[in-house]
Amino acid sequence: MLEDQIKNDHCIVKSNQSMLMDQSYRSSGCLQGIDGSVYSRSIMKDVPKSDLKSVRRSSSRPIKRPKFDDELVEAGHKRGLSARKSSDSSSVDIKLKKNVSNKQMSSSLSKKKIKVKSNLVPSDFGRWRPADDLRLITSVQQTCDLQAVHIAVRFSCSFTLKEIQDRWFALLYDPLLSRLSQQAIKSLPADVVNKILNEALWSREEECLLADVDMNGTRDIPYFQQFLDDNVYVFHKNRTAEALQDHWLLLRHYYLLNCQTVKSHVSSGIATSINEMEAKIIDDQIMGDEDEVLKQALSLNDRCTKREIKRLEKEIPQWELLLEKSGIPELAFTSFKHDDLASLQGRILKYFMKKNKLIIGRAAHGHEVDVDLTIEGPSRKISRKQVSIEHEDGRFLLRNIGKLPIYVNGEVISKNGEISIIDNSVIEVYCLKLLFNINPDLQKPHLNQLDVYAEETS
């Protein structure tokens, strides 16, 4: 056993020696023969071919030997470091590129924002269509009268005269709106533009020229074509001979030609022309004679109505007495006591005035009033102290001490205003109506004093 182990070790040593010698020969550029002889590359030319077959070729490159575990670990660690450095550098480059691109985008956007002008488009620009603008411009150029344009031109919407005036002034003096309108008009189809221009209003000069055309002879299409050629600078560029003939026939129908003379029938009261009709209407409005029969009938009706009112006023006390005796509390009128000065009666509330001053308003926390209107109806806008009524020397004086105006028998009483009120006066405070009645017993002494004074003066 010992001898076999020695032989194996000897073979291993020999194989290692031969490997080391082969490596040295390759690095030096030499070749080794089968018999162990070594040949250099410089003397390879002199060696016979028979000997070259026995020469073994060796490479000058080093032989790669297998790496041990510790070498593999070091190589992997170096690769990880290099990969991490490369990844860090690549991530930094990506971040820098992103920052540069974001800066470029923000700069470009800021430049674009600077270039854009913040001009506001009028709110009514969409309501006025390009065809309406073209009709307005053409009609004003023909008539120079916005009121005539408002009456005669048919727009896409029913514009008022004020809207037409505002639009025309905007087209004249607003550069943005004028530019937008011109661009929209240029984009209109050709047939739409021709239709609008053909429907243009007739100017005063055009109608005057057509009114001068007499009715003698034939007034056919060739005649009006020649007439149009002679006055090409007066008529609109879209006027045709057919249009001139139709308008001339229209003028003739309404007796507006200069050669048409109509016998006047003013004496008989019959108007035969438009001018005479207008004059007659104006004369009737200014110098209208009154109808005597109608006047007498109206005066008679007025006297009958007044007589009926007086009769009903005399019957009121009788009806009040009947209602009092009926026993129905809802229909019974207010009965005053000896210490009551007056009463206020509404749809719901009833209040008897016992002291010389009365406050009407809206009750709130910390503010008390004599007559609270919150019971009667909506009173949010009424002041806490709205109305004051004072009794002095048999007279009742009402003052408006609130912010809202009040009404007494239809007469407006503004803030800090005052008025003397009588029996059956209606006081209206913000759609709430109150009936003011004075105690009849209180009025009798005052009336007696007035009678005595009248007798003494007489």
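Residues numbered from 1 in each chain as written. Predicted model: local features only at pLDDT ≥ 70, side-chain atom pairs only at ≥ 80, totals over all residues. Heavy atoms only, no water.

The name given to the chain in an unreviewed UniProt entry is Microspherule protein 1 isoform X2, and the organism recorded there is Hydra vulgaris.

Okay, the overall build of the chain next. Helices and strands together make up the secondary structure of the chain, namely 14 helices and 14 strands. Relative to its 458 residues, the chain shows a buried fraction of 25%. Pairs at least 24 apart in sequence give 47% of the contacts found in the chain among residues at least 6 apart. As presented, the chain carries roughly 34300 Å² of accessible surface, and 56% of it is formed by carbon and sulfur atoms. (Helix = DSSP H or I, 4+ residues; strand = E, 2+ residues; numbered from the N terminus. Buried < 20%, exposed > 50% of the residue type's maximum accessible area, 1.4 Å probe, protein only. Contact = heavy atoms within 4.5 Å. Areas by Shrake-Rupley, 256 points an atom, 1.4 Å probe, with all protein chains shown as cover.)

Right, let's get into the nonpolar core. Core analysis: the largest hydrophobic core is formed by 25 residues, its most contacted members being Leu 344, Ile 389, Phe 396, Leu 398, Ile 421 and Phe 436. Mapped onto this core, the elements with two or more residues apiece are β4 (342–345), β6 (357–361), β8 (387–392), β9 (395–400), β10 (406–408), β12 (418–421), β13 (425–429) and β14 (432–438). Sequence-distant contacts of Ile 421, defined by excluding residues within four places in its chain, comprise Ile 389, Phe 396, Leu 398, Val 408, Ile 427 and Phe 436. Membership of the second largest hydrophobic core comes to 14 residues, among which are Leu 146, Phe 155, Trp 168 and Leu 201. (Core = buried A, V, L, I, M, F, W, Y, C linked by side-chain atoms within 4.5 Å.)

The subject of this paragraph is the packing of aromatic side chains. Evaluated as defined, the whole model comprises seven aromatic pairs. With 5.9 Å between their ring centres and 75° between their planes, Phe 155 and Phe 159 make a pair best called edge-to-face. In terms of burial, Phe 155 and Phe 159 fall into one category: buried. Ring centres of Phe 224 and Trp 248 lie 5.8 Å apart, and the angle between their planes is 55°; this geometry places the pair in the tilted category. Of this pair, Phe 224 sits in helix α10 (residues 221–230) while Trp 248 is found in helix α11 (residues 241–253), placing the two residues 24 residues apart along the sequence. Overall, Trp 248 belongs to the buried group, its relative accessible area being 3%. (Phe/Tyr/Trp six-rings, centres within 6.5 Å; stacked < 30°, edge-to-face > 60°.)

This brings us to the sheet that holds β12. On the basis of which strands lie adjacent, the open sheet formed by five strands has the order β7-β6-β8-β9-β12 and mixed pairing. At either end of the open sheet lies a strand with only one pairing partner, and these are β7 (371–372) and β12. With two bridges connecting them, β6 and β7 associate as parallel partners. The partner of Ile 360 across the bridge, within β7, is Val 371. (Pairing = 2+ DSSP bridges.)

The next subject is the sheet that holds strand β5 (residues 350–353). By way of backbone hydrogen bonds, the strands of a sheet pair with one another, either parallel or antiparallel. The strand order across the open sheet formed by six strands is β5-β4-β14-β13-β10-β11, and the pairing between neighbours is antiparallel. Strands at the two margins of the open sheet, each flanked by one partner only, are β5 and β11 (411–413). With strand direction ignored, the average angle separating the axes of adjacent strands in the sheet is 25°. Note that β10 and β13 share two bridges and pair antiparallel. Bridge pairing in β13 links Val 408 to Ile 427. (Axes fitted to C-alpha atoms, helices over the stretch in contact; angles between N-to-C directions.)

On to a nonpolar patch on the surface. A cluster of nonpolar side chains, contributed by Phe 169, Leu 172 and Tyr 173, occupies part of the molecular surface with about 370 Å² of accessible area. In this fold, Tyr 173 is placed in helix α6 (residues 161–173). (Patch = residues over 30% accessible without salt bridge, like charges linked within 9 Å, V, L, I, M, F, W, Y side chains within 5 Å. Salt bridge = Lys/Arg side-chain N within 4 Å of Asp/Glu carboxyl O.)

A cluster of basic side chains, namely Arg 303, Arg 307, Lys 310 and Lys 314, defines a positive patch on the protein surface. For Lys 310, the position within the fold is in helix α13 (residues 292–326). Classification of Lys 310 by relative accessible area gives exposed; the value is 56%. (Lys, Arg positive; Asp, Glu negative; His and termini not counted. Charge placed at Lys NZ, Arg CZ, Asp CG, Glu CD.)

Let's shift gears to the packing of helix α9 (residues 204–211) against α11. It is at 10 Å that the axes of α9 and α11 come closest, and there the two elements cross at 75°. The angle between the axes of α9 and α11 places the two elements in the roughly perpendicular class. Contact residues: α9 offers Glu 207, Leu 210 and Ala 211, while α11 offers Leu 244, His 247, Trp 248 and Leu 251. Tallied by class, residues from the contact of α9 with α11 come to five nonpolar, one polar and one charged. (Parallel < 35°, antiparallel > 145°, perpendicular 65-115°, else oblique. Nonpolar A, V, L, I, M, F, W, Y, C, P; charged D, E, K, R; others polar.)

On to helix α7 (residues 175–186). Over its 12 residues, α7 runs 16 Å from end to end, which matches the ideal 16 Å to within 8%, given 1.5 Å per residue. Of all the residues in α7, the buried ones are Leu 176, Leu 177, Ser 178, Ser 181, Ala 184 and Ile 185. Taken together, the buried residues of α7 touch α4 (130–143) and α6. Of the residues that open α7, the one with a side-chain oxygen 3.4 Å from the backbone nitrogen of Leu 176 is Asp 174. (Expected span 1.5 Å × (residues − 1). Polar contact = N/O pair within 3.5 Å; in protein donor to acceptor, adjacent residues only side chain to side chain.)

Most peptide bonds adopt trans geometry, and most residues besides glycine take a negative phi value. Even without being a glycine, Tyr 255 presents a positive backbone phi close to 55°. Position of Tyr 255 relative to the elements: it lies in the loop between α11 and α12 (274–286). Using a relative accessible area of 46% as the deciding quantity, one classes Tyr 255 as partly exposed. Look at Asn 416: it is not a glycine, yet its phi comes out positive at around 65°. In this structure, Asn 416 sits in the loop between β11 and β12.

Here Asn 238 shows up in the loop between α10 and α11. In this structure the side chain of Asn 238 is engaged in a polar contact, spanning 3.2 Å, whose partner is the side chain of Asn 198.

On to the packing of α6 against α7. It is the contact of α6 with α7, at a shortest axis distance of 6 Å, that shows an interaxial angle of 95°. Of the possible angle classes, the one that applies to α6 and α7 is roughly perpendicular. Packed against α6, whose contacting residues are Arg 167, Ala 170, Leu 171 and Tyr 173, the element α7 presents Pro 175, Leu 177, Ser 178 and Ser 181 at the interface. Its residues assigned to classes, the contact of α6 with α7 shows five nonpolar, two polar and one charged.

For the chain, the average pLDDT comes to 75, and 59% of its residues sit at 70 or higher. Below a pLDDT of 50 lies the segment residues 111–121, which in the model reaches three contacts outside its immediate sequence neighbourhood of four places, other chains included. (pLDDT = per-residue confidence, 0-100.)

This next bit is on the environment of Arg 135. Among the structural elements, Arg 135 can be located in helix α4. Between the alpha carbons of Arg 135 and Val 193 there is a distance of 9.3 Å; along the sequence they are 58 residues apart.

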